[in-house]
Amino acid sequence: MIIREMTAGDVPAIAELERICFGDPWSENSIAKELNNRLSYWLVAEIDSRIAGYVGTQSVLDMTDMMNIAVSPDFRRQGVAEALMTSLINELSCRGMIGLMLEVRVSNTPAIGLYEKLGFTVAGRRPNYYRNPREDALIMRKELT
Ligand SMILES: CC(C)(COP(=O)(O)OP(=O)(O)OC[C@H]1O[C@@H](n2cnc3c(N)ncnc32)[C@H](O)[C@@H]1OP(=O)(O)O)[C@@H](O)C(=O)NCCC(=O)NCCS
């Protein structure tokens, strides 16, 4: 498995995973715009020349918001998400970020399990944050210093 920064060539595969994994997916256009956003940092996991997963973030001052993470159903439970997030956390720490925040559906047991394993704690709850279907979000946070 190779973990590397997203390039323009990865955008169609990431958009396809967005459609498979989420009820409210990012479009190819929105993902491509991230390539030119200096606040954004996206990583992909490549296995046998396929995009197995990705993680997308934006940082403002010394706080980073993790906007999305997904792993292809073909590659789940093989440590891909953990490898992506470990690389992400190392790089953000090197860049001097002090905190990593994210929202997750309250019913998303796999993702919550991933974040707890990596040391995130629940910082709050946003009622009716998600559409398709409507659901509360947990806000989770990890200190990076
Ligand atoms: C959540 C997701 C990214 C996890 O990806 P993954 O590559 O399968 O996860 P990993 O193999 O790296 O698992 C790391 C840890 O996460 C937790 N985890 C992952 N899948 C889990 C599951 N189905 N049930 C419970 N815990 C799970 C476990 O703690 C696991 O550690 P372990 O294998 O030692 O038990 C993947 O299920 C996914 O893409 N889901 C759909 C998109 C999504 O919900 N994204 C999150 C939006 S906030």
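Attention here is on the structure that accompanies the text. Note that this is a predicted model, so its numbers are computed, not measured. (Residues numbered from 1 in each chain as written. Predicted model: local features only at pLDDT ≥ 70, side-chain atom pairs only at ≥ 80, totals over all residues.)

1. Focus: the overall build of the protein chain
- For the protein chain, the count of helices and strands is 4 helices and 7 strands.
- At 14 Å, the protein chain has a C-alpha radius of gyration in line with the 15 Å of a compact globule built from 145 residues.
- Its C-alpha atoms give the protein chain principal-axis dimensions of roughly 40 × 35 × 30 Å.
- Classification of the 145 residues of the protein chain by burial places 26% in the buried group.
- A fraction of 54% describes how many contacts in the protein chain between residues 6 or more apart in sequence connect residues 24 or more apart. (Helix = DSSP H or I, 4+ residues; strand = E, 2+ residues; numbered from the N terminus. Rg over C-alpha atoms; globule rule 2.2 N^0.38 Å. Buried ≥ 20, exposed ≤ 12 C-beta atoms within 10 Å, placed from the backbone. Contact = placed C-beta atoms within 7 Å.)

2. Quick notes on the site of the ligand
- Taken together, 19 residues form the shell around the ligand, and within it Arg76, Ala81, Pro110, Gly113 and Leu114 come nearest.
- Mapped by element, the contributors of at least two residues to the shell around the ligand are strand 4 (63-71), helix 3 (80-94) and helix 4 (109-117). (Near = placed C-beta within 6 Å.)

3. Here we look at helix 3
- Compared with the 21 Å implied by 1.5 Å per residue over 15 residues, the 21 Å span of helix 3 between its first and last C-alpha is a close match.
- Among all positions of helix 3, only Val80, Ala81, Leu84, Met85, Leu88 and Leu92 are buried. In an axial view of helix 3, the angular spread of the buried residues amounts to 120 degrees, which keeps them on one side of the axis. In helix 3, those exposed residues whose orientation departs by more than 90 degrees from the buried face are Asn90 and Cys94.
- Where helix 3 is buried, its residues meet strand 1 (2-5), strand 2 (40-47), strand 3 (50-60), strand 4, strand 5 (99-105) and helix 4.
- Following helix 3 by one or two positions, Gly96 adopts a phi angle in the positive range, close to 90 degrees. (Expected span 1.5 Å × (residues − 1). Arc of directions from axis to C-beta.)

4. Here's the deal with the pairing of strand 7 (residues 135-143)
- Looking at chain direction, strand 5 and strand 7 are connected through 7 bridges and run antiparallel. In the sheet register, Leu102 faces strand 7, and the bridge partner there is Met140.
- Bridge analysis of strand 6 (residues 121-130) against strand 7 gives 6 bridges, and the strand direction is antiparallel. In the strand pairing of strand 7, Val122 is matched with Met140.
- In textbook terms, the turn of a hairpin is the stretch between consecutive antiparallel strands, and for strand 6 and strand 7 this stretch comprises 4 residues, one of which, Asn132, has a positive phi near 50 degrees. (Pairing = 2+ DSSP bridges.)

5. A closer look at unusual backbone geometry
- Asn132 connects to Pro133 through a cis peptide bond whose omega is -5 degrees.
- With respect to the secondary-structure elements, Pro133 resides in the loop between strand 6 and strand 7.
- Positive phi, close to 50 degrees, is recorded for Asn132, a residue that is not glycine.
- Secondary-structure assignment places Asn132 in the loop between strand 6 and strand 7.
- Asn132 sits in the exposed class, given 9 other C-beta atoms within 10 Å.

6. Looking at the sheet that holds strand 6
- If you walk across this open sheet you meet the 7 strands as 1-2-3-4-5-7-6, and the pairing is mixed. On the outer flanks of this sheet lie strand 1 and strand 6, each paired with one strand and no other. Strand after strand, the sheet turns through a mean of 25 degrees between neighbouring axes, direction not considered.
- With 8 bridges joining them, strand 3 and strand 4 adopt antiparallel strand pairing. (Axes fitted to C-alpha atoms, helices over the stretch in contact; angles between N-to-C directions.)

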